[in-house]
Amino acid sequence: MKAKADMNCVGKTFCAFVLLTVAVTMVTMANIRVSKIAGSSVNLTCGDVSRVDLILVIWKIRPSTGNHCTLAYRTDLNKTDRRNCSERMDWKSSPETDSALQIRQVRLTDEGRYSCETSNSVGTFNQTYTLTVLVPPEVNLTCHRNGTAVCQAAAGKPAAQISWDPNGDPRTELDNHTDGTVTVLSIYSPKETSITCLVSHPAWNMSQSKECPSDNGNMFLQYLAISAGLLGILFILALIFLCKVHRGRIWYKSKIPETAPTHNVQDSNEQQELEPYASYVQKENVIYNTVYEVTVTEDLPPRLQSVT
């Protein structure tokens, strides 16, 4: 019985040791996923580790692309060490008082694993983060006259989700870029005249929407534009007609006084030209009559001449 009790004790002790080891392992190997929008800043801490008797703090940065880097601080020597790290990655304040890491203006190339190892009199602890960078897409909606609508969520990370209101069966196309972003293209040809594109993305708290207006409004605007154009043409034609009529009246009024004096001058000129000729003819007639009378008198017999 005693041997059996000893075995039970040993078994319980071993189980407790295993459970303690597993618990410690889970704490030290904890992995926290962090998502940040490109261009923002992020602070990563080393966890709830006591700074009493703190000996060493090391940040090991393993980005998905690019060189690895380390930030280290030794309390006994009060010395920091920096290797291959960007200027945007540094201690949040001072490593003597705060072991947190700060990354300013996060970029896509900063994605990866960030581990903080701390050592004190109790032991060594490891806090790990997996950083994901979000890139909000640029949303554009094109509404064609044939009723087809094209909704685009360009260069987003991860790929955006596009839906339509009212629901339908759109055609979706994906374009993967070399920097990890994705452009989503959704082509929709509904029967309805008014539709809305809805785009959701992890970088946004709410979905963004863009609407294609109803064709009725477009047709009204088209009719209005055509009517305005026709009225404008009619107004221009009427204005041209009135200008021509006005110019014709002015020309007619100015023509009458110009032509009348012309004929009077011409008649007076002709009369002046004919007056000398008329007087000449009259003189010639008088002379001719006198000569004729003399000639006739001379040719008559003497008794008739006395009578004459």
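Source: prediction; values computed, not measured.

Undergrad: So, the packing of aromatic side chains: which residues are in play, and what are the values?
TA: Inspection of the entire model under this criterion finds 2 aromatic pairs. Measuring from centroid to centroid gives 5.0 Å for Trp164 and Tyr188, while their planes differ by 40°, and the two rings are tilted. Note that Trp164 is positioned in strand E12 (residues 161-165) and Tyr188 in strand E14 (residues 182-188), a separation of 24 residues in sequence.

Undergrad: Describe the confidence of the model for the chain, listing the residues and the values that go with them.
TA: Chain-level statistics for the chain give a pLDDT mean of 80 and a share of 69% at 70 or above. Within the model, pLDDT remains below 50 along residues 9-27, and this stretch shows 1 contact once partners closer than five positions in the same chain are excluded.

Undergrad: Could you give an account of the pairing of strand E13 (residues 171-176), naming the residues involved and the relevant values?
TA: Taking burial as the measure, the 6 residues of E13 include 0 buried ones, a minor fraction of the element. Where E13 meets E14, 6 bridges bridge the pair, whose relative direction is antiparallel. Within the sheet, the bridge partner assigned to Arg171 lies in E14 and is Ile187. Counting the residues in the hairpin turn of E13 and E14 gives 5 residues, including Gly180, whose phi is positive at 100°.

Undergrad: Can you break down the sheet that holds strand E15 (residues 195-200) residue by residue, with the values?
TA: Within a sheet, each strand pairs with its neighbour through backbone hydrogen bonds, oriented either parallel or antiparallel. A sheet is described by the order of its strands in space; here 3 strands give the open sequence E12-E15-E16, paired in antiparallel fashion. Looking at strand neighbours, the two that pair on one side only are E12 and strand E16 (208-212), the edges of this open sheet. Geometrically, the sheet is characterised by an average inter-axis angle of 20° between neighbouring strands, direction not taken into account. Where E12 and E15 come together, 5 bridges link them in antiparallel fashion. Following the sheet pairing, Gln161 is matched in E15 by Ser200.

Undergrad: Please give an account of the sheet that holds strand E4 (residues 69-74) that cites residues and values.
TA: Within the open sheet, the 6 strands sit side by side as E1-E9-E8-E3-E4-E5. Their pairing is mixed. Edge positions in the open sheet fall to strand E1 (31-37) and strand E5 (79-83), since each of these has one partner strand only. Taking each pair of neighbouring strands and ignoring which way they run, the sheet shows an average axis angle of 15°.

Undergrad: Residues and numbers for the side chain of Lys157, please.
TA: Looking at the secondary structure, you find Lys157 in the loop between strand E11 (149-156) and E12. We classify Lys157 as buried; its relative accessible area is 15%. Side-chain polar atoms of Lys157 contact the side chain of Glu111, separated by 2.6 Å. Apart from the residues lying within four places of it in its own chain, the contact partners of Lys157 are Leu108, Glu111, Thr132, Val133, Leu134, Val135, Gly180, Thr181 and His201.

Cut-offs used in this document
Residues numbered from 1 in each chain as written. Predicted model: local features only at pLDDT ≥ 70, side-chain atom pairs only at ≥ 80, totals over all residues. Heavy atoms only, no water. Phe/Tyr/Trp six-rings, centres within 6.5 Å; stacked < 30°, edge-to-face > 60°. Helix = DSSP H or I, 4+ residues; strand = E, 2+ residues; numbered from the N terminus. pLDDT = per-residue confidence, 0-100. Contact = heavy atoms within 4.5 Å. Buried < 20%, exposed > 50% of the residue type's maximum accessible area, 1.4 Å probe, protein only. Pairing = 2+ DSSP bridges. Axes fitted to C-alpha atoms, helices over the stretch in contact; angles between N-to-C directions. Polar contact = N/O pair within 3.5 Å; in protein donor to acceptor, adjacent residues only side chain to side chain.

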